[in-house]
Amino acid sequence: MGRVGVDTGGTFTDFVVEADGSILVHKELSTPQDPARAILRGLQVLGWVRRFERLVHGTTVATNAVLERKGARTGLLTTAGFRDVLEIGRQDRPRLYDLRQVKPSPLVPREWRLEIRERLDELGRTLVPLNEEDVRDAIDVFRKAGVESIAVCFLFSFVRPEHERRAAELLRQAGFAVSASHEVLPEYREYERTSTTVVNAYVAPVMGQYLRSLEAALPDGTSLWIMQSNGGVVRAETAARQAVRTLLSGPAAGVIGARAVARALGFERVISFDMGGTSTDVCLIDGEPRERSEGRIGDFPVRMPMLDIHTVGAGGGSIAWFDAGGALRVGPRSAGAEPGPAAYGRGGEEATVTDAAVVLGWLLPEAFLGGTMRLDEERAREAVWRIARRLGGSVEEAALGIVEVAEANMERAIRVVSVERGEDPREYGLVAFGGAGPMVACRLATRLHIPTMLIPPHPGTLSAHGLLIAPFRRDYLRTVMLPAAADPTRIDAAFAALVAEASQELARDGIVPTEALFQLALDLRYAGQSYELTVPFDRSVETAVERFHQLHEQLYGYGDRGFPVTVVNVRLRVTLPTDLARAPAPDTVPTPWEPEPIDVRPAVFATGQRLFRLDVPRFERSQLDTGALLVGPALVTQYDATIVIPPGWRGIVEATGTIVLRHREEPRDPKKSALAQGA
Amino acid sequence: MHEPIPVDPISLAVFDAAVRAIAEEMGAALQRSSFSPNIKERLDFSCAVFDDEGRMVAQAAHIPAHLGSMPDSVRVVLEGCGPFAPGDVVILNDPYLGGNHLPDITMVTPVFLTDEPDAELLGFVANRAHHADVGGISPGSMPIATELYQEGIIIPPIKLWERGVLNEAALALILRNVRTPEERRGDLLAQYAANRTGLRRVRELVTRYGLDRYRQLCEAVLDYGERLARHAVAQIPPGTYRFTDHLDDDGITDDLVPITVTVRADGTSLTFDFTGTAEERPGSINTVETVTKSAAYYVLRCLMPEDAPMNHGVFRVVRVIAPEGTVVNARPQRAVAGGNVETSQRIVDVLFGALAQALPDTIPAASQGTMNNLTIGGTDPRTGRPFAYYETMGGGMGARPGLDGLSGVHVHMSNTRNTPVEALEYAYPLRVVRYQLRDGSGGHGSARGGDGLIREIEFTCDADVTLLTERRRFAPWGLQGGEPGAIGRNLLIRRSGAGLEEIALRGKHRFTVRAGDRLRIETPGGGGWGAASERG
């Protein structure tokens, strides 16, 4: 019996199959109109259809439904007086200085946002009882308008869900698909809760239909699992109900893959760096991937536990240009897949990062995508020459400049997930993947003083690999808003309710609760603050509060033990690792050997402002067995990526197939440098 | 003018990204560690990096009102607080000494290469945050006042930390003069932490580039800002453009308060001359000159690309003439609480009004032109502790040529977020009855002005309320035949016998309410653009 991870991307659908201990990789062109077609075709090509017990899927169906505004016809019920909360949002305009800015219209138009007379206060006391007549009137309106899916979001419903529950019940009886805010996100802050619930209502029917048809097409005995934004998988049925949890499905799988690659070699602290054609995703992994509680899809906020993945619009296809102030800029505009970089020879004329890499000799025209697509070096040079003319230097200098400016954007992204979260990137390794990641990662690591870099065996399909090994995971949360000094049994009671809810739902996914790991946590803050820190809870509020003080001090430079602390939310995370994820790290040190290059190619590197054209040995990755030594400058080509190893870096192929590269210089001890002083 | 520094376009782009990241990382640190919703949720703060001459190199601004005034804070500190040593941190809020209005407390940290006593000065980092209360005659410190002394504690530039040692006595003095001292203390510590982040990062950048190269690149970034600004100015046809608009009143008298500007464009630079503007007033609508400059820089910035840098180089292309003793350049000790938030908006309106004559296809009609400041104070019956709540409200954005204005957003000089209803009801003895768009308040036109907002609040205890609002008398104007937006309204709704009585309130008003009273604020709509008959 085998397992398969299938990651649907914009251009390719990637497959990684695990069967009887061996791994097989496959790519199909994606079929955006019906992503299932590419999946089924790939499974047929793989020929093992009958033998998969488990298919784990990273999907963009929910994300695309929002971005392309192709979700269900959605209605919204709110507390009387608050139907515009969804449209007003936080009353800020998206951009400070843009006189032509626009805001996207809400996913629910105003005429389908209906108000219900009901109101609770912050303690859940009824100020106005639920007016069921209003709900019935709303049902009539929705029916006439052909609305399919309804979001229900009443004020303070997370304190006491009775009103919302009753309204949802009436709607469900009337045949509507319903997303109630106390089920989707029982957390305070009405706009974010409404937005999240509405996004769920908008995408759930689309997701449900897609997953049901995919599941029906799979052979009997193959269970379908879906990746969520939190880096864990759930059964398709659960994902369809809570589709809002899958918005970062693909990128999250990449992070899980990166963590596995690192962990297999004993690296616990790494930054995942996934550079594709139009954008780059980065995420900090400190044992576990960093998480955050809110993200955006399009311009709509979604509050859900999700991996803290930061995306910047800089990738291989990003276009270089000069602004009115004379600075060289790269991106966010991208040549995309069509026409693509000038080197693709499909009509693109503007210089991109990919073109710069061709000029520098980093990308070899005949070795791109395993030789299935030849790059046009002349066109690349021509495009970059137009930039060089303006700079007044050589084409190679211009090419390096383009790469450098793109790297500045990526450096910024890595700083956001590390420095802005209070972490020093120098204490981390970098896992580089995606089609373009291994090309620039060494230089980027040098800039950030990151001493170690890891390149997985298949950089272009790491996300699909991540799907295979991702654990089962579900998250539960409820706002309680209690002083930490309050009667601890109230916290215990809140947790008991979450555990009971979870245990019930696990059965539906076929998970045995006693096998799963239940982790409790509290969201704490100083009374009066309005952002929370999450700390683990092991039955003692006192211990959690002390941890909170320490964490606050570590992150923000001060903790105040004299200040009262508020328990905002209780959280429960249920996980169950797959057996694949438990593969032991090989403790053998590989025996080094020096591989023969397949040829020698000219390539350009730089030290400071000076350029060097060097003859660089090129290796073919499939020939690099365990222990192969690589000394920069060197190039490694493989089907789905090119690894550029600049002078100063050297690497070895580990037993897991991952190449570990290290900078020649010892990393500077951060404590000794001037930077850390006075901090 | 100086000789341009030879820095290539690549190094320029890379350095500009790096130095802007410092200001942003400072902002992230401030937001995360501050206490009050005003800073954390509403993002009412700014952070900036300066060179050793006090010129602003980068700013992360959420609030345009801080654009021109942060540099003045640093200038005042540079001139008045030296010599500096590593570990010094200067605090100030005095509008007549580098501040803009008292609730905005600024912290300036000189950055040295190391913590050694003889280390070289690299520059400064500074941040400014709006505190929900700094004392004075009204909770929330946005009072209807006639003198600065009534508006709160005045902090001239002083070293709150000297060589790394906190001046506990000065801090105690400040905290004893505010209504919510614990919260203030937390926010001040957060401001300190933000500057520490900035200091660390500037040192890192200098280490990466070397000091000489760092200084060279700072200079190049300023020139870069100047070039982008000149490019924008070059689009304005040379000429002289005049415009006058009015504030409703100063909160004390009913006298007209005209604001007049003459814009002179010569193809390479701009002069904004406010000669003809009303004399300074007894009420709090006066602004200090730095706020007027902020409004001017904001308008210029709107004509530049969205992602352009905001630094001292940009300031070089515009000259602001604000005659002393007028409401746009008041003298000590005039009250200024409202000038920063309200008059600044009208200054933007007149600048755009004048520029619309030069750039008719670019400039929008008047937006709501107010921040609708509301402060509520009292004692929370649930805890027995005093509370001070400050909120500003969005409204209609003016219609743009061929494009409707946005509804229910903050415009121009502000972009603070609202306090969520549920957060508000947890934190204060208040209940929000409704929060909605104000239908039909946007001005008609071929492009419509955005609609204002309605927020209605019920008080669950007696409280002291101050309203500091504008455009309750003079409506946001339309352009090219577009109609004006609706004026704003403030209503007190009070039980009277069996019914409800609606009492219309002045735009600027301080009053007390009883438990059960309601306050309804309806914010102005934006002006329309083009004749309504031409709407497709």
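Quick caveat: nothing in here was measured; it's all calculated off a predicted structure.

What counts, and where the lines are drawn
- Residues numbered from 1 in each chain as written.
- Chains lettered and ligands numbered in written order.
- Predicted model: local features only at pLDDT ≥ 70, side-chain atom pairs only at ≥ 80, totals over all residues.
- Helix = DSSP H or I, 4+ residues; strand = E, 2+ residues; numbered from the N terminus.
- Rg over C-alpha atoms; globule rule 2.2 N^0.38 Å.
- Buried ≥ 20, exposed ≤ 12 C-beta atoms within 10 Å, placed from the backbone.
- Contact = placed C-beta atoms within 7 Å.
- Axes fitted to C-alpha atoms, helices over the stretch in contact; angles between N-to-C directions.
- Parallel < 35°, antiparallel > 145°, perpendicular 65-115°, else oblique.
- Left-handed = near helix turned anticlockwise from the far one by under 90°.
- Pairing = 2+ DSSP bridges.
- Nonpolar A, V, L, I, M, F, W, Y, C, P; charged D, E, K, R; others polar.

Caption draft 1: Structural context of the overall build of chain A. When helices and strands are tallied, chain A shows 16 helices and 33 strands. Taken against the 2.2 N^0.38 rule, which gives 26 Å for 679 residues, the C-alpha radius of gyration of chain A at 26 Å falls within 12% of a compact globule. The principal-axis extent of the C-alpha atoms belonging to chain A is close to 80 × 60 × 60 Å. With 679 residues in all, chain A has 53% of them scored as buried. Taking the intrachain contacts of chain A between residues at least 6 apart in sequence as the baseline, contacts between residues at least 24 apart amount to 66%.

Caption draft 2: The arrangement of the packing of helix α1 (residues 9-33) of chain B against helix α5 (residues 181-209) of chain B in detail. Residues and elements named next belong to chain B. Where α1 meets α5, the axes come as close as 8 Å, and the angle between the chain directions of the two elements is 155 degrees. Judged by the inter-axis angle, α1 sits roughly antiparallel to α5. For the crossing formed where α1 meets α5, the hand is right-handed. Across the interface between the two elements, Ala 18, Val 19, Ile 22, Glu 25, Met 26, Ala 29, Leu 30 and Ser 33 from α1 touch Ala 190, Gln 191, Ala 193, Ala 194, Asn 195, Thr 197, Gly 198, Arg 201, Val 202 and Leu 205 from α5.

Caption draft 3: View of the interface of chain B and chain A. Between chain B and chain A, the residue contacts involve 67 residues of the former and 61 residues of the latter. Every element with two or more residues in the side of chain B that touches chain A is listed here: α1, α2 (37-40), α5, α6 (211-233), α7 (289-302), α10 (421-427) and β14 (430-438) of chain B. Per-element tally for the side of chain B that touches chain A: the top contributor is α1(B), with 13 residues.

Caption draft 4: Here's a closer look at the sheet that holds strand β3 (residues 89-92) of chain B. All names here are of chain B. Spatially, seven strands are ordered β2-β1-β5-β4-β3-β6-β7 in an open sheet, and the strand pairing comes out antiparallel. Two strands in the sheet have a free side with no partner beyond their single neighbour: β2 (56-61) and β7 (165-166). Where β3 meets strand β4 (residues 104-112), three bridges bridge the pair, whose relative direction is antiparallel. Counted as the bridge partner of Leu 92 is Thr 106 from β4. The sheet contacts of helix α3 (residues 69-80) involve β1 (45-51), β2, β3, β4 and β5 (121-130), and relative to β5 the element is tilted by about 125 degrees.

Caption draft 5: Structural view of the packing of α5(B) against α6(B). Residues and elements named next belong to chain B. Relative orientation of the contacting elements α5 and α6 amounts to 110 degrees, with a least axis distance of 6 Å. The angle between α5 and α6 places the two elements in the roughly perpendicular class. For the pair α5 and α6, contact is made by Leu 205, Val 206 and Tyr 209 and by Leu 211, Arg 213, Tyr 214 and Leu 217, respectively. Of the residues that constitute the contact of α5 with α6, the class distribution is six nonpolar, no polar and one charged.

Caption draft 6: Helix α14 (residues 462-469) of chain A, seen in detail. Residue and element names in this part refer to chain A. Among the eight residues that make up α14, eight are buried, leaving the element largely enclosed by the rest of the structure. Regarding α14, the residues found buried are Leu 462, Ser 463, Ala 464, His 465, Gly 466, Leu 467, Leu 468 and Ile 469. Looking at the buried side of α14, the elements it contacts are β1 (2-8), β2 (12-19), β4 (52-58), β11 (223-227), α9 (249-263) and β21 (429-433).

Caption draft 7: Structural detail: the pairing of strand β14 (residues 280-286) of chain A. All names here are of chain A. Among the seven residues in β14, six count as buried, and that is most of the element. Strand direction decides the pairing type here: strand β13 (residues 269-275) and β14, joined by seven bridges, are antiparallel. Within the sheet, the bridge partner assigned to Val 270 lies in β14 and is Ile 285. Connecting β13 to the next strand, β14, in antiparallel fashion are four residues. Summarising the sheet, β14 and strand β18 (residues 310-312) pair through three bridges and their orientation is antiparallel. Note on β18: the bridge partner recorded for Asp 281 is Thr 311. Joining the antiparallel neighbours β14 and strand β15 (residues 288-289) is a turn of one residue, in which Gly 287 adopts a positive phi near 75 degrees.

Caption draft 8: Structural detail: the sheet that holds strand β9 (residues 149-153) of chain A. All names here are of chain A. Here four strands make up an open sheet; going across it, the order is β6-β5-β9-β10 and the pairing parallel. Strands at the two margins of the open sheet, each flanked by one partner only, are β6 (113-116) and β10 (177-180). Averaged over all pairs of adjacent strands, the angle between their axes in this sheet comes to 25 degrees, without regard to strand direction. Sheet topology places β9 next to β10; four bridges connect them, and they run parallel. Across the sheet, the residue bridging to Ala 151 is Ser 179, located in β10. In the packing of helix α5 (residues 162-173) onto the sheet, contacts are made with β5 (74-79), β6, β9 and β10, and the angle to β10 comes to roughly 170 degrees.

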